[in-house]
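The chain contents come next:
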Amino acid sequence: MTGSAVAAGALAMLLFGGFASYIFAGLETNNVQRIGHLTIFRDGYFLLGAGNPAAYGISHYDDVMNLIRQDPVVGPMVNVITPTQSLVGIAGNFSGESDASKTFLGVGLIPSDRDRMRQWDEFHLNTTRAPDPRLSDQDSARGLVGVGLARVLGLCAPLGLPGCPKPLPARTAASVALPLQQDIADLAQRDLGGAEANASHLPEIDLLAATAGGAPNVVRLTVSGSEPQGVKELDDNFIAMHLALAQQLVYGRGEHEVTGIVLQLRRSEDLLAARARLTALFAQHQLALDIRDFGELTPFYGQVVRLFASIFLFIAIVMGVIVLFAVVNTMTMNVMERTNEIGTIRAMGVRRSGIRWQFIIEGSLIGAIGATLGAILALVIAAIVNHAGLTWIPPGNVNEVPLQLDVAGRPLLVLTAWLALSLVATIAALIPASRAARLAVVDALRHV
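Nothing here was measured: the structure is a model prediction, and the numbers come from that model.

Trainee: Would you take a moment to explain the pattern of salt bridges for this structure?
Mentor: Any two side chains of opposite charge can pair if their charged atoms end up close together. For the structure on display, the rule yields 18 salt bridges. One salt bridge connects Arg-116 with Asp-113, and the closest N-O pair in it is separated by 3.3 Å. Highlighted residues: Arg-116 and Asp-113, both in helix α4 (residues 111–117), separated by three residues, approximately one helical turn. Note on Arg-116: relative accessible area 42%, which makes it partly exposed. Taking the relative accessible area as the measure of exposure, Asp-113 reaches 10% and is therefore buried. The closest approach of N and O atoms between Glu-204 and Arg-220, which form a salt bridge, is 4.0 Å.

Trainee: Please clarify how the packing of helix α13 (residues 299–337) against helix α16 (residues 411–428) should be interpreted in this entry.
Mentor: Between two packed helices, what matters for the description is the angle formed by their axes and the separation of those axes. α16 packs onto α13 with a crossing angle of 35 degrees between their chain directions and a minimal axis gap of 8 Å. As α13 runs across α16, the sense of the crossing is right-handed. Side by side, α13 and α16 meet where Phe-312, Gly-320, Val-323, Leu-324, Val-327 and Val-328 of the first sit next to Leu-413, Leu-421, Val-424, Ala-425 and Ala-428 of the second. When grouped by side-chain class, the residues that make up the contact of α13 with α16 number ten nonpolar, one polar and no charged.

Trainee: It is not clear to me how the nonpolar core should be interpreted in this structure. Could you clarify?
Mentor: A general feature of soluble globular proteins is that nonpolar side chains tend to end up buried together. Formed by 68 residues in total, the largest nonpolar core has its most connected members in Ile-68, Ile-261, Leu-263, Leu-278, Phe-282 and Phe-359. A per-element tally of this core places helix α1 (residues 2–35) first, with 13 residues. Among all residues touching Leu-263, those that are not within four sequence positions of it are Gly-36, His-37, Leu-38, Ile-40, Ile-68, Val-74, Val-78, Val-80, Ile-81 and Leu-278. With 27 residues, the next largest nonpolar core counts Leu-87, Phe-104, Leu-153 and Met-241 among its residues.

About the cut-offs
Residues numbered from 1 in each chain as written. Predicted model: local features only at pLDDT ≥ 70, side-chain atom pairs only at ≥ 80, totals over all residues. Heavy atoms only, no water. Salt bridge = Lys/Arg side-chain N within 4 Å of Asp/Glu carboxyl O. Helix = DSSP H or I, 4+ residues; strand = E, 2+ residues; numbered from the N terminus. Buried < 20%, exposed > 50% of the residue type's maximum accessible area, 1.4 Å probe, protein only. Axes fitted to C-alpha atoms, helices over the stretch in contact; angles between N-to-C directions. Left-handed = near helix turned anticlockwise from the far one by under 90°. Contact = heavy atoms within 4.5 Å. Nonpolar A, V, L, I, M, F, W, Y, C, P; charged D, E, K, R; others polar. Core = buried A, V, L, I, M, F, W, Y, C linked by side-chain atoms within 4.5 Å.

Listed below in structure tokens is the structure:
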């Protein structure tokens, strides 16, 4: 029964540890596929650039990217290096019956690099995504919007989104038309002139933003689809577009810059080495650039890791205390029931240390056998769960993914749990073993 208690403790620790490891790997994979391992910004952007991204652009970013590619240390570590442009502005849809506008948070990217980044799967979670045909390097006018933003702008019907409420009647919308919306529409018409109609019959929206020089600028975006973001605040504001279109909106006819250079490494283990080398490289070339990893850009990742690590530590302590008292109780009863046997072997010449070691070894064997049985059960249960086809929605995600217990892939976790519980059982046997050694003298004299 004591061995069963040890096995139950090992089973609980390994199953939860495997689940936590899978969550950590899934969150890291999701972040690395979206924003890479490292992002290079101009100094000050990380703390101040959210309000005015255009003011913190990286000029001559192609030279910086070539410098990184050609570096003999960082170059071989890099899987994808791509520029991005962050921007804020107002999105408006004034076609047909719609007459709506909404502030947006946009990102300009290179679609082919985005597809390559989504293939990263170091932990073999099978979460890679197929190339997205809705964005193309050859068509800079196309983009994606968040599902919430599509709903606000009245794009549900054109994009075929289910569950959207009906828009306001045309009479009501026209009677409360905002001057700002009319200004955006007029500016778009003047800037775009007699542009031809959209041959793809996809909905179009107008994007208004201030250029780096402070002048208003407008571009027209063809919405080729919507993409849920998992967080409502982001889903109601998100727009992804081609880098060229974002730069045209932010910089107009001026020099095109970017707000970030994203680096996705081949292995996460190289993150610290790559960051240290980039810091030295930028200092050597006197570049005023700042480097941030995905953990700093997404604090949610660190919060989840710390939360599950704390829960795992709590479970490990509870299991350790249960095993400790179970072994102490069992070995104490064992000593009391074997007093005559202890006295007999003591009278036969066995020393106190020999009596003590017999009980210590017995406690160690109980712990080792119980921990081994718990590890075997954990591997079996994890294999059953992994092949059962169960799914769940991880934190910060909107799509269901397979539920996995990463026990077999974490030999260090299995070894640590086995050693910890075996050590606890051994320590628990010390007190009864010392008591057995003390009782042995009295019993030996009695037998003599």
